[in-house]
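Each chain is listed here by its residues.
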Amino acid sequence: MKRQTTLLIYTAAALTAIAASPAFTVDASHPAGKISPKLYGLMTEEINHSYDGGIYAELIQNRAFLDNAKNAVHWSVVNDNDSAAMIALDPTNSFNDKLTMSLRLTLGRAAKKHPAGVANSGYWGIPVLPKTQYRAAIIARADSNFSGPVTVSVVSEDGRIVFATGKFSGLTTEWKEFKLTLKTGRVTPTAKAHFVITLDRPGTVWLGLVSLFPPTWNDRPNGLRKDLMQMLVDLNPKFLRFPGGNYVEGDTVETRFEWKKTIGPIEERHGHPCPWGYCSTDGLGLLEFLEWCEDMKAEPVLAVYAGYSLKGAHVNSGADLEPFVQEALEEIEYVIGDTSTTRGARRARDGHPSPFKLRYVEIGNEDWFDKSKSYDARFTQFHDAIKAKYPQLKTISTIGDDQPEAARVHSRKPDMIDGHYYRSVDTFLHMSPDYAKKYDRSGPEIFVGEWAAYETSFPPWDGRSRNEPPTPNLKAAIGDGVFMAAMERNSDLIKMQCYAPLFVNVNPGGRQWRPDMIGYDAISAYGSPSYYAFQMFSRNVGDEILSTTSVETSVQGSATRDSQTGEIFLKLVNPQATAQMMNIEITGVTSLDSKGSAITLSGNADQTNSLDHPRNVMPVTTTVRHMKRQFIYTLPPNSIVVLKLKARS
Ligand code: AHR
């Protein structure tokens, strides 16, 4: 980040202007409330190839040949004029009852100089990085005339450059797993590469599973992509809400997120259709979500399936719902049970003996969509069962503060309610000053479990959003800023908030929704202006809310303080296309250090970031000198500014 210095020197003219300028006053004499320590978190689900082709680091697309029952999508034949290979899906020769398909590779003609085989195109390419070790795992068997060798390589799309290669032998007619390490040398990074499996003599081989991993975050097997994890850690998230969103519901009851099918070795996971139009491998399953939280030092906010699915089916409360309640209780036991419990022991066998920390369980997702109005009874059944077994857990209702009071759960008092706010920038600008002022402070706590500002004239679920860039521009980040300031001002009640969706694979066909916070392809990633706005808020928060008043200004903001250090964080959002000279006053302090700092995100409203231009809109940190308890600060046009002030009381 760039560092510059801003000098606040008042000329006579400026002093006259102080009296006339729009004013923003912070009362630091006593805190107006406590900031929730877990206010800033993340929300995630399988959408926009967030997991497969996203943070889940697997590089082979359709690794178990289950994506399409008719075609071996993402796989293609590799041969030349002197070799001949054929591939076909083979449901009659499957590795086990989970991986119910295999790929039969038959070579009629092949020789050392004329190998042939099959290639996988990855998730829009295989990322090739210099001096990098890739772990390949292949489950295969062969006909009795062939035992190897089999060559596996990462090669350029045109087949001319071999970036990394290895061989294995010893195939038999029985299924076996072969593991190899492939190492690249001093290559130029590229994603224009394929993964290729070739034989150099005739034979038939069946592939049950083909997996390839680059180095992962914390070196976890079956782990997560390092660059994306770094971007998340940089947001300092306190929780992770998973696995949805619509993904937890599924389109139908049968295609819900069924946690038991997502644990154990990857060859035990069949995967399932996700509601966003593609199949999930379930490679990123319950344990991986929990380890993801652990690796970010964030706490899980676990959403359980609650008997309502996206296409409208619901399960009646009572006996019909009971198996789903049990499924959730067992899931919770997997998360927090010790090893004397059945599911705690299973978690230990899966590699994680110590229980995870869990406090919040969300019951379903967006159940206001359920036209049968069955949520009150379904929530009650889940809530009672969870509280009976785990009284320490807090339950979250999915009918939140964005829905009319009458539509919410009444038979029980949820500990928290989850409201979703996808709103235009203009709506956020208008609603934020009064957001949550009217709410009953003795009611359930509020979770804003999904929110985002959109800068278009149509909402994210409108088909036209497909023609827009996947990630939002600075104007949207300004909308985010005013809403985040509003949530911060009300953080005595708004205990957690998370932007959604978090991720988008920007390749054609990768996206189902916009705007999204972080964009990527197979090899690189970037943060949108919304990413940086969130980062500016989440990393500069403290633990106390300070009251603010603003006069004659469209600038919105919030003030918070770190009670240990006395540092004040003043966040100001200027939605106007002109600079705003603000008369800022901090009351209730004896003095202010003359030196402070400012973090500024600003530019043209329509400026944005992309893979090619990832740093167009970035926060800049400057040192600010000659600060006093009352000072003039000029906010650039279209800006979010965090002023960090050292105060003495
Ligand atoms: O974030 C995209 C979708 O928006 C979520 O899956 C759903 O909960 C909401 O409607």
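Treat the numbers as computed from the prediction; the structure is a model and nothing was measured.

**Quick notes on the site of the ligand**
Part 1 of the reasoning: Neighbouring residues of the ligand: Glu-45, Ile-47, Gly-245, Asn-246, Trp-276, Asn-365, Glu-366, Tyr-422, Glu-450, Pro-501 and Trp-513.
Part 2 of the reasoning: Separating an oxygen atom of the ligand from a side-chain N or O atom of Glu-366 is a distance of 2.7 Å.
Part 3 of the reasoning: Here the ligand, which alone exposes 280 Å², has 94% of that area covered by the protein.
Part 4 of the reasoning: Under a 2 Å grid-point criterion requiring more than half of the atoms, the pocket assigned to the ligand is the second largest pocket.
Part 5 of the reasoning: Within the shell around the ligand, the residues separate by chemical class into five nonpolar, three polar and three charged.

**Section: the state of the cysteines**
Part 1 of the reasoning: On inspection of all chains with the given rule, the structure shows zero disulfides.
Part 2 of the reasoning: The closest cysteine sulfur to the non-disulfide-bonded Cys-274 is located on Cys-279, 8.0 Å from its own sulfur.

**So, the packing of aromatic side chains**
Part 1 of the reasoning: Counting across every chain of the model gives 30 aromatic pairs.
Part 2 of the reasoning: Through pairs of rings, three or more aromatic residues link up here, namely Tyr-421, Phe-428, Tyr-435, Tyr-439, Trp-451, Phe-483 and Tyr-499.
Part 3 of the reasoning: Here Arg-141 stacks its cationic end above the ring of Trp-206, 4.5 Å away from the centre of that ring.
Part 4 of the reasoning: The ring of Tyr-305 carries the charged tip of Arg-256 above its face, separated from the ring centre by 5.6 Å.

**Re the pattern of salt bridges**
Part 1 of the reasoning: Scanning all chains against the criterion turns up 37 salt bridges.
Part 2 of the reasoning: A salt bridge links Arg-269 to Glu-288, with the nearest nitrogen and oxygen atoms 3.1 Å apart. Of the two residues, Arg-269 is situated in the loop between helix H3 (246–249) and strand S16 (272–273) and Glu-288 in helix H4 (residues 286–296); the sequence distance between them amounts to 19 residues. Note on accessibility: Arg-269 and Glu-288 belong to one class, buried.
Part 3 of the reasoning: Through salt bridges with shared partners, a single ionic network connects Lys-260, Glu-330, Glu-333, Arg-343 and Lys-389.

**Observations regarding the sheet that holds strand S6 (residues 84–90)**
Part 1 of the reasoning: Taken together, the five strands give an open sheet; going across it, the order is S6-S7-S14-S9-S12, and neighbouring strands pair in antiparallel fashion. The open sheet has two free edges, formed respectively by S6 and strand S12 (176–183), since each of these has just one partner strand. Across this sheet, the average inter-strand angle for adjacent strands is 30 degrees, counted without regard to direction.
Part 2 of the reasoning: Judged from the five bridges that link them, strand S7 (residues 102–109) and strand S14 (residues 203–213) form a sheet pairing that is antiparallel. Residue Leu-103 lies in a different strand from S14, and its bridge partner there is Leu-207.

Calculation notes
- Residues numbered from 1 in each chain as written.
- Predicted model: local features only at pLDDT ≥ 70, side-chain atom pairs only at ≥ 80, totals over all residues.
- Heavy atoms only, no water.
- Near = heavy atom within 4 Å.
- Polar contact = N/O pair within 3.5 Å; in protein donor to acceptor, adjacent residues only side chain to side chain.
- Areas by Shrake-Rupley, 256 points an atom, 1.4 Å probe, with all protein chains shown as cover.
- 1 Å grid on protein atoms, 1.4 Å probe; cavity = no way out; pocket = protein on both sides within 12 Å on 5 of 7 lines; lining within 4 Å.
- Sits in = over half its atoms within 2 Å of the grid points.
- Nonpolar A, V, L, I, M, F, W, Y, C, P; charged D, E, K, R; others polar.
- Disulfide = S-S within 2.5 Å.
- Phe/Tyr/Trp six-rings, centres within 6.5 Å; stacked < 30°, edge-to-face > 60°.
- Lys NZ or Arg CZ within 6 Å of the ring centre and 35° of its normal.
- Salt bridge = Lys/Arg side-chain N within 4 Å of Asp/Glu carboxyl O.
- Helix = DSSP H or I, 4+ residues; strand = E, 2+ residues; numbered from the N terminus.
- Buried < 20%, exposed > 50% of the residue type's maximum accessible area, 1.4 Å probe, protein only.
- Pairing = 2+ DSSP bridges.
- Axes fitted to C-alpha atoms, helices over the stretch in contact; angles between N-to-C directions.

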